[in-house]
Amino acid sequence: MSKLSRLDRRAFLRSTGMTAVAGAVGATVPVSRAAEAGGAVRQQGGRYDFDTIYSRIGTDSSKWDAQIARYGREKIEVGMGTADQDFRIAPAISRALRDRVAHENYGYLSIPASYKESIVDWNRRRYGLEIDPDSIQHAAGVHAGVISTLRAFCPPGSKVLMQTPGYNGFYTDIRVVGCVAEESPLKLVDVEDLERRIDHDTHAFILCNPHNPTGNVWSRSDLMTLGEICHRRRVVVLADEIHCDFVTKGHTYTPFATLGDEAVVRNSVTFKSVSKSFNLSMMKCAYQFSTNPDYLERIAGTGQHRQAMNTLGIVAAEAAYNEGEDWLDQLLEYIDGTQDLVESTVNAHVPGVKTVKPEGTFLAWLDVAEAMEAVGMQQAAAAAEQPTTPEQAFQRFLVDHAHIHLNPGSSYGLGSDGRMRMNIGTSRRLVERALGNMAQALAAV
Ligand SMILES: Cc1ncc(COP(=O)(O)O)c(C=O)c1O
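What counts, and at which threshold
- Along each chain, the written sequence defines residue order, and numbers are assigned to residues from 1.
- Where local features are concerned, this predicted model is filtered to residues with pLDDT of at least 70; where side-chain atom pairs are given and counted, the filter is 80 or more; whole-chain, interface and lining totals use all residues.
- Side-chain measures were taken over the full set of non-hydrogen atoms in the model, leaving aside hydrogen atoms and water.
- Convention adopted: a line fitted to C-alpha atoms gives each axis, helices being fitted over their contacting stretch, and angles between N-to-C directions are expressed from 0 to 180 degrees.
- A run of H or I in DSSP becomes a helix once it reaches four residues, and a run of E becomes a strand once it reaches two; helices and strands are each numbered from the N terminus.
- Angle categories are assigned with fixed cut-offs, so that under 35 degrees is roughly parallel, over 145 is roughly antiparallel, 65 to 115 is roughly perpendicular, and the rest are oblique.
- In what follows, a contact means two residues having at least one pair of non-hydrogen atoms within 4.5 Å.
- Amino acids are sorted into nonpolar (Ala, Val, Leu, Ile, Met, Phe, Trp, Tyr, Cys and Pro), charged (Asp, Glu, Lys and Arg) and polar (every other residue, Gly among them).
- Buried, partly exposed and exposed residues are distinguished by accessible area as a fraction of the type maximum, computed with a 1.4 Å probe on protein chains only: under 20%, between the cut-offs, and over 50%, respectively.
- Should DSSP find at least two bridges between two strands, the strands are taken to pair.
- Throughout, the term near means that a residue has one or more heavy atoms lying within 4 Å of the molecule or strand in question.
- In protein, a polar contact requires one atom able to donate a hydrogen and another able to accept it; more generally it is a pair of N or O atoms within 3.5 Å, and residues adjacent in sequence count only if both atoms are side-chain atoms.
- We call Phe, Tyr and Trp rings a pair once their centres come within 6.5 Å, taking the six-membered ring for Trp, and we label the pair stacked below 30 degrees between planes, edge-to-face above 60, and tilted otherwise.
- To sit over a ring, a charge needs its Lys NZ or Arg CZ within 6 Å of the ring centre and within 35 degrees of the ring normal.
- For the domains described, the bounds stem from an automatic or database domain assignment.
- Buried surface area refers to the total accessible area, computed with a probe of radius 1.4 Å, that the two partners give up upon joining, counted for both partners together.
- When a carboxyl oxygen of Asp or Glu is within 4 Å of a side-chain nitrogen of Lys or Arg, the pair counts as a salt bridge.
- To count as a disulfide, a pair of cysteine sulfur atoms needs to be within 2.5 Å.
- Definition used in this section: a nonpolar core is a set of buried Ala, Val, Leu, Ile, Met, Phe, Trp, Tyr and Cys residues joined via side-chain atoms within 4.5 Å.

**What to know about the packing of helix α17 (residues 390-402) against helix α18 (residues 428-443)**
Then step 1. Close contact between α17 and α18 brings their axes to 9 Å; oriented N to C, the two are set at 100°. Classed by the angle they form, the pair α17 and α18 counts as roughly perpendicular. Taking contact as the criterion, the partners of Phe394, Phe397, Leu398, His401 and Ala402 in α17 are, on α18, Asn437, Met438, Ala441 and Leu442.
Then step 2. Class assignment of the residues belonging to the contact of α17 with α18 gives a composition of 7 nonpolar, 2 polar and no charged.

Next comes the structure, spelled out in structure tokens:
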């Protein structure tokens, strides 16, 4: 691979400052120390610090510790798989949680009206989305809500339409309810393909906006096209908008529920959560809503969905929506800058890899086809003892040679060949280090 060897490695390492962070997360940080380490504490001038590396090692983190357990500590310098972030949460959330744990009882609760109000206010203030508080159903995660909703609308064995590449967790949800994924390769918007894939046995369409893993943020007119097809063909839209707070500069998130056609909106259920935006995934505090009382009744009223939250999740979510806005706005700026850095660095310096800055999410969708070919991933996959895709073989290559863990494109369904998903929700210094490692590993081929 002649292109690989043309890389001016030393200049690149200097430009990314990679040499300066050597060992930054090298040592395992015990939980107690991790809690005191740097991170997003507000600094002078009102800025939060997202740059200081905040180690999560030793906290059972799936992005870090699970990979370290699998591959060994020396093989994981940067965990970039599971879609959560490494930043310290907004101080207001920590404060609210500290106040709550001072009361040492976690018995059953009524979910407070103030939590619902925080959801309504947030969506109105940021997105002009009006949510009737009575239409909100709570869920211990978006998955829980999606599963109940699929159960309500999709008989076992029927088809659930989704666009691929698509978030791998949807395949699990569809399997859990005994249905089958009908995969429409993502082209903006392939009306013919979508229409062709819908038949009498298709009852639901999972829409992901912004789209995981590609980062596509759907325009109002694309959403309308999708919504009209689904309404006309009697397919319920499950609008998963969990990534909605992450949109890069120049792009706008359009909530499905703000579309101009009332009938189209009534044919949908929207799923949201503070989990991605405020790094509260394991707090399990998601919610769903619809303007269609019949749909809500079918989901919860007939016993498909049991609303569930936990005490700390409620407290954290309410504090996030009421007091975390400034923190999130600064984080969005930071992520946007990191996305710029990833695009320019990858395209200029990582041999055989290309990428385009996504419109949303804190994920980068890398085109690694050329690099995979250069390192012989088809052959490696064919020779593997266990069934392995070329992308899985490349995941392993990156672990072994670049000491970074990314998710293989093949887990996101049709249209993911030659792709990897890289989670950039971490200190920019670690992202630089990961890109430097990747460049070095590929240049050495
Ligand atoms: C599009 C999408 N939906 C749902 C989830 C999972 O949500 P939860 O943890 O609230 O179940 C994720 C997590 O990565 C996701 O990316």
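The rest of the description comes next.
**Regarding the pairing of strand β5 (residues 202-208)**
Then step 1. With 6 of 7 residues buried, β5 lies mostly within the body of the structure.
Then step 2. Sheet topology places strand β3 (residues 159-164) next to β5; 4 bridges connect them, and they run parallel. Across the sheet, the residue bridging to Val160 is Ala204, located in β5.
Then step 3. Direction of pairing for β5 relative to strand β6 (residues 236-240): parallel, over a ladder of 5 bridges. Directly across from Phe205, in β6, lies its bridge partner Val237.

**Overview of the site of the ligand**
Then step 1. What surrounds the ligand is the set Ala83, Gly141, Val142, His143, Tyr167, Cys208, Asn212, Asp240, Ile242, His243, Lys276 and Lys284.
Then step 2. The backbone of His143 places a nitrogen or oxygen atom 3.0 Å from an oxygen atom of the ligand.
Then step 3. Asp240 places a side-chain nitrogen or oxygen 2.6 Å from a nitrogen atom of the ligand.
Then step 4. When its residues are assigned to classes, the shell around the ligand shows 5 nonpolar, 4 polar and 3 charged.

**Examining the sheet that holds strand β8 (residues 286-289)**
Then step 1. What the 7 strands build is an open sheet, ordered β2-β8-β7-β6-β5-β3-β4; its pairing is mixed. Bordering the open sheet on either side are β2 (137-139) and β4 (180-185), each of which pairs with just one other strand. Direction aside, the axes of adjacent strands within the sheet are offset by 25° on average.
Then step 2. For β6 and strand β7 (residues 268-273), the ladder comprises 4 bridges, and the chain directions are parallel. For Val237, the partnering residue across the bridge sits in β7 and is Ser268.

**Here's the deal with the environment of Pro358**
Then step 1. Looking at the secondary structure, you find Pro358 in the loop between α14 (325-349) and β9 (363-367).
Then step 2. Sequence-wise, Pro358 and Glu370 are 12 residues apart; in three dimensions their C-alpha atoms are separated by 20 Å.
Then step 3. Residues contacting Pro358, with those up to four places away along its chain left out, are Thr214, Gly215, Thr248, Gln339 and Leu363.

**Quick look at the packing of aromatic side chains**
Then step 1. The full count for this structure, using the stated rule, is 17 aromatic pairs.
Then step 2. Centre to centre, the rings of Trp122 and Tyr321 are 4.8 Å apart; their planes meet at 20°, and the pair counts as stacked. You can see Trp122 sitting in helix α6 (residues 113-127) and its partner Tyr321 sitting in helix α13 (residues 311-323), a full 199 residues away along the chain.
Then step 3. Residue Trp122 is classed as buried on the basis of its relative accessible area, which comes to 1%.
Then step 4. Accessibility expressed as a relative area gives 2% for Tyr321, which makes it buried.
Then step 5. When the centroid spacing of 6.3 Å and the interplanar angle of 20° are considered together, the rings of Tyr287 and Phe289 count as stacked.
Then step 6. Residue classification places Phe289 among the buried residues on the basis of a relative accessible area of 4%.
Then step 7. Through a chain of ring-to-ring contacts, the aromatic side chains of Tyr48, Phe50, Phe87, Trp122, Phe278, Tyr287, Phe289, Tyr321, Trp327 and Tyr334 assemble into a single cluster.
Then step 8. The ring of Tyr334 carries Arg428 above its face, with NZ or CZ at 4.2 Å from the centroid.

**Here's the deal with the domain arrangement of the protein**
Then step 1. When its domains are assigned, the protein resolves into domain 1 (2-90 + 325-443) and domain 2 (98-323).
Then step 2. Of note, the centres of domain 1 and domain 2, computed from C-alpha atoms alone, are 28 Å apart.
Then step 3. Counting residues at the interface gives 31 residues for domain 1, matched by 34 residues for domain 2.
Then step 4. By the criterion of area lost to domain 2, the three top residues of domain 1 are Glu325, Glu359 and Leu414, representing 27% of everything that side buries.
Then step 5. Across the contact surface, domain 1 and domain 2 share 4 salt bridges.
Then step 6. Put simply, the parts of the chain that give the side of domain 1 that touches domain 2 at least two residues each are α14 and β9.
Then step 7. At 10 residues, α14 tops the list of elements feeding residues into the side of domain 1 that touches domain 2.
Then step 8. The class makeup of the residues in the side of domain 1 that touches domain 2 is 14 nonpolar, 8 polar and 9 charged.

**A few points about the state of the cysteines**
Then step 1. Throughout the structure, instances matching the rule amount to 0 disulfides.
Then step 2. In this structure Cys179 is not part of a disulfide, and its nearest cysteine sulfur, from Cys154, lies 4.9 Å away.
Then step 3. Left without a disulfide partner, Cys244 is nearest to the cysteine sulfur of Cys208, which lies 11 Å away.

**Focus: the environment of Leu188**
Then step 1. Examined against the element boundaries, Leu188 turns out to sit in the loop between β4 and α9 (191-197).
Then step 2. Residue Leu188 is classed as exposed on the basis of its relative accessible area of 56%.
Then step 3. A C-alpha to C-alpha distance of 46 Å links Leu188 and Tyr108, two positions 80 residues apart in sequence.
Then step 4. With residues up to four places along the chain from it excluded, the contact list for Leu188 reads Asn216, Trp218 and Asp222.

**Some remarks on the nonpolar core**
Then step 1. Ranked by internal contacts, the top residues of the largest apolar core, which has 81 residues, are Phe278, Phe394, Met422 and Met438.
Then step 2. Both domain 1 (2-90 + 325-443) and domain 2 (98-323) contribute no fewer than three residues apiece to this core.
Then step 3. Not counting residues up to four positions away in its chain, the partners in contact with Phe278 are Ile89, Ile93, Trp122, Ala320, Tyr321, Gly324, Trp327 and Leu328.
Then step 4. In terms of nonpolar packing, the next biggest core, distinct from the first, is built from 26 residues, Val160, Cys179, Cys208 and Ile242 among them.

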